[in-house]
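The lines below spell out each chain.
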Amino acid sequence: MIEEMPCVLSNHYLSSDSEIIGYALDTLFNIISNDEEDEVEENSTRQSEDLGSQFTEIFIKQQENVTLLLSLLEDFDFHVRWPGVKLLTSLLKHLGPQVQQIILVSPMGVSRLMDLLADSREVIRNDGVLLLQALTRSNGAIQKIVAFENAFERLLDIITEEGNSDGGIVVEDCLILLQNLLKNNNSNQNFFKEGSYIQRMKPWFEVGDENSGWSAQKVTNLHLMLQLIRVLVSPTNPPGATSSCQKAMFQCGLLQQLCTILMATGIPADILTETINTVSEVIRGCQVNQDYFASVNAPSNPPRPAIVVLLMSMVNERQPFVLRCAVLYCFQCFLYKNQKGQGEIVSTLLPSTIDATGNSVSAGQLLCGGLFSTDSLSNWCAAVALAHALQENATQKEQLLRVQLATSIGNPPVSLLQQCTNILSQGSKIQTRVGLLMLLCTWLSNCPIAVTHFLHNSANVPFLTGQIAENLGEEEQLVQGLCALLLGITIYFNDNSLENYMKEKLKQLIEKRIGKENFIEKLGFISKHELYSRASQKPQPNFPSPEYMIFDHEFTKLVKELEGVITKAIYKSSEEDKKEEEEKKTLEQHDSIVGHYKNMIREQDLQLEELKQQISTLKCQNEQLQTAVTQQVSQIQQHKDQYNLLKVQLGKDNQHQGSHNDGAQMNGIQPEEIGRLREEIEELKSNQELLRSQLAEKDSLIEKLKSSQTSPDTNEATASARDSENIAELKQELATLKSQLNSKSVEITKLQTEKQELLHKTEAFAQSVPVSGESEAAIAAKTTDVEGRLSALLQETKELKNEIKALSEERASIKEQLDSSNSTIVILQNEKNQLEVNIKDSKKEQDDLLVLLADQDQKILSLKDKLKGLGHPEEEEDELESIDQDDEDDEDEDDDKSQGDN
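Criteria and cut-off values
- Residues numbered from 1 in each chain as written.
- Predicted model: local features only at pLDDT ≥ 70, side-chain atom pairs only at ≥ 80, totals over all residues.
- Heavy atoms only, no water.
- UniProt positions renumbered as here; feature names shortened; annotations may be inferred.
- Phe/Tyr/Trp six-rings, centres within 6.5 Å; stacked < 30°, edge-to-face > 60°.
- Helix = DSSP H or I, 4+ residues; strand = E, 2+ residues; numbered from the N terminus.
- Buried < 20%, exposed > 50% of the residue type's maximum accessible area, 1.4 Å probe, protein only.
- Lys NZ or Arg CZ within 6 Å of the ring centre and 35° of its normal.
- 1 Å grid on protein atoms, 1.4 Å probe; cavity = no way out; pocket = protein on both sides within 12 Å on 5 of 7 lines; lining within 4 Å.
- Points joined across faces, edges and corners; volume = space filled by probe spheres on them.
- Nonpolar A, V, L, I, M, F, W, Y, C, P; charged D, E, K, R; others polar.
- Contact = heavy atoms within 4.5 Å.
- Disulfide = S-S within 2.5 Å.
- Expected span 1.5 Å × (residues − 1).
- Arc of directions from axis to C-beta.
- Axes fitted to C-alpha atoms, helices over the stretch in contact; angles between N-to-C directions.
- Parallel < 35°, antiparallel > 145°, perpendicular 65-115°, else oblique.
- Left-handed = near helix turned anticlockwise from the far one by under 90°.
- Patch = residues over 30% accessible without salt bridge, like charges linked within 9 Å, V, L, I, M, F, W, Y side chains within 5 Å.
- Areas by Shrake-Rupley, 256 points an atom, 1.4 Å probe, with all protein chains shown as cover.
- Salt bridge = Lys/Arg side-chain N within 4 Å of Asp/Glu carboxyl O.

Naming follows an unreviewed UniProt entry, where the chain appears as General vesicular transport factor p115 of Myotis myotis. A UniProt comment under Sequence similarities (unreviewed entry) is attached to the chain, and it reads "Belongs to the VDP/USO1/EDE1 family."

Our focus in this paragraph is the packing of aromatic side chains. The description of an aromatic ring pair rests on the distance of the ring centres and on the angle between the ring planes. The tally for this structure, following the rule as stated, stands at 11 aromatic pairs. Seen in terms of ring centroids, Phe152 and Phe192 are 5.0 Å apart; in terms of plane orientation they differ by 85°. Their pairing is edge-to-face. Remark: Phe192 occurs in helix α12 (residues 186-194) and Phe152 occurs in helix α10 (residues 151-161); sequence separation between them is 40 residues. Classification of Phe152 by relative accessible area gives buried; the value is 1%. With relative accessibility at 0%, the residue Phe192 sits in the buried group. An aromatic cluster is built from Phe148, Phe152, Phe191, Phe192 and Tyr197, whose rings are joined through pairwise contacts. The cationic tip of Lys86 hangs over the ring face of Trp82; the distance from NZ or CZ to the ring centre is 4.0 Å. The ring of Phe76 carries the charged tip of Arg121 above its face, separated from the ring centre by 3.9 Å.

On to the layout of surface pockets, then. Approximately 770 Å³ is the volume found for the largest pocket. Residue lining of the largest pocket: 32 residues in total, with Arg230, Glu281, Lys538, Gln540 and Asn542 positioned closest to the centre. Per-class residue counts for the lining of the largest pocket are 11 nonpolar, 14 polar and 7 charged.

Another aspect to go through is helix α15 (residues 254-263). Of all 10 residues making up α15, 8 are buried, and the element is well covered by its neighbours. Of the surrounding elements, those touching the buried residues of α15 are α13 (216-232), α14 (239-251), α16 (269-283), α17 (287-295), β1 (297-298) and α18 (306-314).

The subject of this paragraph is the state of the cysteines. Applying the stated criterion across every chain, the model contains 0 disulfides. Considering cysteine sulfurs only, Cys420 is the nearest to Cys368, which forms no disulfide, with 8.4 Å between them. Here Cys483 stays unpaired: no disulfide links it, and the sulfur of Cys441, its closest cysteine neighbor, is 8.4 Å away. For Cys483, a relative accessible area of 1% puts it in the buried group.

Helical periodicity: at 3.6 residues per turn, an α-helix aligns residues three or four positions apart in one direction. End to end, α14 covers 18 Å across 13 residues, agreeing with the expected 18 Å (1.5 Å per residue, within 8%). Every buried residue of α14 is listed here: Thr242, Cys245, Gln246, Ala248 and Met249. Seen end-on, α14 carries its buried residues on one side only, within an arc spanning 165°. Among the exposed residues of α14, those pointing more than 90 degrees away from its buried face are Pro239, Gly240 and Gln251. Considering only its buried residues, α14 is in contact with α12, α13, α15, α16 and α17. One or two steps after α14, the chain reaches Gly253, where phi turns positive at roughly 90°.

Our focus in this paragraph is the packing of helix α9 (residues 140-148) against α12. Contact pair α9 / α12: the axes reach a minimum separation of 9 Å and the direction vectors enclose 15°. When the interaxial angle is binned, α9 and α12 end up roughly parallel. Crossing of α9 against α12: the hand is left-handed. Judged by residue contacts, Gln143, Lys144, Ala147 and Phe148 of α9 engage Ser187, Asn188 and Phe191 from α12. Here the residues of the contact of α9 with α12 sort into 3 nonpolar, 3 polar and 1 charged.

It is worth spelling out a nonpolar patch on the surface at this point. A contiguous nonpolar patch, built from Ile593, Tyr597, Met600 and Ile601 and spanning about 380 Å² of accessible area, is present on the exposed surface. With respect to the helices, strands and loops of the structure, Tyr597 is situated in helix α34 (residues 574-651).

As structure tokens, then:
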């Protein structure tokens with residue numbers, strides 16, 4: 001049936017019936033897939049999986065079936081595309097590599113599947129993400145194709161649309177797909193960084209200081225987001241790619257956002273642990289990021305450095321084990337290739353920098369407290385952390401020898417080195433002793449001064465030989481191996497400054513008390529330990545439980561480096577040692593000479609750079625000077641050509657004296673000067689026209705003012721008379737301005753006529769023909785005469801220019817007078833407006849008075865009627881009328897006075 005079903009799908013007559021195709025795809029999906037929810041027993045589940053794999057193998061036996069399925073996914077019909085996506089996903093789950101290969105060789109196979117991410121139907125889009133998860137799993141070629149098909153852009157858009165970390169299961173699926181595309185794929189990682197997609201990750205971590213709202217899905221999403229960052233900056237990536245991603249994360253503020261989460265409250269424990277691990281790898285080996293992390297302070301009172309707060313968690317036995325491991329990893333990454341940070345940590349242990357008041361706890365005090373606490377895990381973590389502060393840093397190894405510890409009241413202080421050996425000899429837990437031995441081995445390696453301090457205590461060497469020589473159980477074999485390594489370091493890095501513990505004497509002691517073969521066998525216990533290989537794989541201290549925390553990653557590198565050289569050193573004779581020392585001295589001398597020459601070369605390189613900069617500056621100046629010289633040469637050449645042309649033109653004038661004079665005058669004026677005069681005259685004409693138009697506008701404005709000042713009222717007549725006087729004055733000023741303009745116009749016309757005459761004379765001179773046959777003396781005399789007249793003509797030209805300048809100044813003064821006239825007109829207009837307002841007010845008052853008079857007349861009439869009704873005589877009425885008439889006359893006089901005042 002499975003073999004026949006593709007025939008049904010490819011049938012020409014049924015290919016247009018999407019419903020039948022959808023049912024066929026659903027049938028194939030149900031046959032091949034196994035619904036785990038319906039399976040009850042484990043055996044039946046395995047049988048169904050085996051059966052699904054068999055059906056899948058039958059289906060993909062003919063590659064055309066998968067190709068046909070890919071072509072059906074191009075159909076936009078929901079009933080075809082959705083079951084097709086589910087079927088292809090099921091095929092990939094059963095036989096992923098085989099189906100991946102078929103899709104890879106299929107034309108446009110991966111590109112067709114990428115279109116699913118752009119589908120507007122969320123069901124198909126989400127199932128398309130699951131399909132791409134299965135397709136990109138463990139296949140670098142398909143991962144590259146998907147990445148270059150704009151997968152990063154689409155997936156990040158989906159994550160943003162779904163709400164970033166607050167999104168649902170779709171965000172989780174997209175993040176898993178992103179991990180598939182980026183993990184162990186350097187090409188895609190570089191493409192992700194170059195496409196500026198790291199910057200788009202910053203909003204994912206804007207979670208704030210929340211005490212609630214941490215759903216299980218949000219925790220899962222944020223965990224995957226942090227893992228995605230770690231994929232980009234993993235220590236297993238190429239160093240260049242990791243460094244560029246680290247710098248990009250700092251520049252876009254992503255590291256700052258992670259540090260904010262690190263110091264926030266209310267963050268779930270697993271998210272906090274993963275955040276610490278992420279920050280660790282973002283700052284590992286990157287000086288800029290390490291410096292920033294050193295400046296981060298926790299939001300406490302008083303503020304404490306984030307490093308101190310983290311170390312407090314590391315040495316606190318009540319904290320979760322995974323959190324303490326994460327803090328140790330963070331501290332290791334902070335000190336990795338960071339000599340500045342190592343010096344800052346060691347300086348907190350020195351007497352000069354310890355806070356005497358005890359108000360604040362330093363990183364060094366926390367490490368010493370953890371080193372000598374009763375918790376063996378704290379001992380191990382503190383010892384490993386302190387060893388990383390000394391890693392590949394001889395200066396800090398010597399500085400740490402100055403640290404003195406007060407053991408008890410009344411006893412003198414002991415050195416940190418001696419206290420470590422004292423704890424070893426007391427027979428503490430294996431984890432504590434392993435940690436201290438790793439610290440001592442790191443401390444003494446490549447530091448002869450520290451070896452001398454260690455050997456100066458006469459009890460140390462007998463203790464080590466005693467530990468190595470004993471036959472102890474399997475648990476103690478690791479301690480024996482580490483003691484053998486430490487003793488071997490005291491031999492290999494011994495400078496023979498102590499007579500009793502010179503190299504040869506220590507080797508004789510080993511041969512006498514332990515035996516060389518036995519010593520080498522005990523030394524080999526370290527690399528043969530089962531936990532040694534696990535620790536050597538990754539820098540992160542990842543242990544399932546505290547019992548497995550034995551070896552440090554960096555220490556495994558040290559063992560691998562020293563195991564062989566110590567073995568050789570044990571078997572070497574004294575003569576070979578002497579030869580080796582001589583060779584070392586020769587090499588040191590050679591190195592010093594090479595270093596000296598390197599410094600000289602470095603200084604010379606700096607001098608060369610400075611000289612190159614000076615040369616480049618001088619080249620620029622030289623180019624500028626050459627350009628200036630070229631310009632000046634061209635100008636000089638132009639002047640020479642003009643001068644030669646002038647001489648040729650003057651030499652032609654030999655026949656007519658009158659025309660000779662006129663030609664000399666015209667020859668003195670260059671065509672450029674004539675053109676410039678013409679332009680100035682045109683400009684004066686245009687300015688004259690502009691002034692005339694402005695005067696016409698002012699005339700029309702005055703006429704309007706005159707026409708608007710006519711009114712029958714007395715007050716308006718007074719105002720118009722006043723305006724007429726002002727207008728008459730303005731007219732007089734305007735007449736004066738017009739006369740000045742007319743005079744200037746006459747002068748301009750005169751200049752134009754002179755210009756025309758000069759042009760005619762120039763043309764006449766150009767057409768004149770020279771007469772030959774005169775003597776050279778006569779020509780020279782005429783040339784002298786012409787040059788004198790030429791100078792006179794140039795003087796006249798200057799005077800003309802001065803006159804034009806004077807005209808321009810007069811024009812400017814006329815313009816100023818016009819501006820003052822404009823301001824006067826504006827003032828008059830304002831006064832006119834004020835008069836109109838006053839007239840309106842007067843009219844309003846008159847209307848009010850008329851209304852009052854009408855009311856009074858009405859009252860008088862009513863009073864008369866009442867008097868008639870009472871039988872009052874008419875004389876009294878006449879008297880009342882006369883009194884009223886007098887009152888009216890008085891009111892009219894008052895109104896006239898008030899209007900006159902206005």
